[in-house]
Amino acid sequence: QVQLVESGGGLVQAGGSLRLSCAASGTTFSTYHMGWFRQAPGNEREFVAAVTWVLGSTTDYADSVKGRFTISRDNAKNTVHLQMNSLKSEDTAVYYCGAHRSWDSRQDSQKYDYWGQGTQVTVSS
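Residue positions within a chain follow its written sequence, with the count starting from 1. In keeping with the predicted nature of the model, local features appear solely for residues at pLDDT of at least 70, side-chain atom pairs appear and are counted solely at 80 or more, and the whole-chain, interface and lining totals rest on all residues. Based on all heavy atoms of the structure, the side-chain values leave hydrogens and waters out of the count.

> Would you explain the pairing of strand β3 (residues 18–25) in this entry?
Here is the key point about a regular strand: its side chains alternate between the two faces of the sheet. Pairs of strands are assigned from DSSP output, requiring at least two bridges between the strands. Only DSSP runs of H or I reaching four residues or more are called helices, and only runs of E reaching two or more are called strands; each is numbered from the N terminus. With 5 bridges joining them, strand β1 (residues 3–7) and β3 adopt antiparallel strand pairing. Residue pairing in the sheet places E6 in a bridge with C22 of β3. Judged from the 6 bridges that link them, β3 and strand β8 (residues 79–84) form a sheet pairing that is antiparallel. Counterpart to L20 in the pairing with β8 is L82.

> Sorry if this is basic, but what is going on with the pattern of salt bridges here?
Any two side chains of opposite charge can pair, on the condition that their charged atoms come close. Note on definitions: salt bridges are taken to be side-chain nitrogens of Lys or Arg within 4 Å of carboxyl oxygens of Asp or Glu. With the rule as written, the count across this model stands at 5 salt bridges. We note a salt bridge from E46 to R38, for which the minimum N-O separation is 2.6 Å. In this structure E46 comes out as partly exposed when scored by relative accessible area, which is 37%. Taking the relative accessible area as the measure of exposure, R38 reaches 6% and is therefore buried. The network of salt bridges with shared partners includes R38, E46, R68 and D91. Relative accessibility thresholds used throughout: buried, under 20% of the residue-type maximum; exposed, over 50%; partly exposed, between the two (1.4 Å probe, protein chains only).

No statement about biological role is implied by the geometric values presented.
Structure below.
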């Protein structure tokens, strides 16, 4: 079992930065790949970024956030972070972190085993 709690969302102006955190509890956190997704009103949940369970070895990003967002994890602290820079109004959404076991399915929200409750990010233009 893995429980996930996101934090760090808020209101920021376009061009600004935010750092999201996802705190995990459960003894098996370090064996899960971790991902961030986002969902804007009326839209489906979309992939943002993912990192393998092996500490920092492989990451993946949606094209829309490449070069602006960075995912990282700290297995000793059971946390995963999403550093978001150069934010745009289209980044406005609820951001969710998730845990999964299949790296090949990292961009498929249906394949995730656990989700947090989400944190709101609002970027004003």
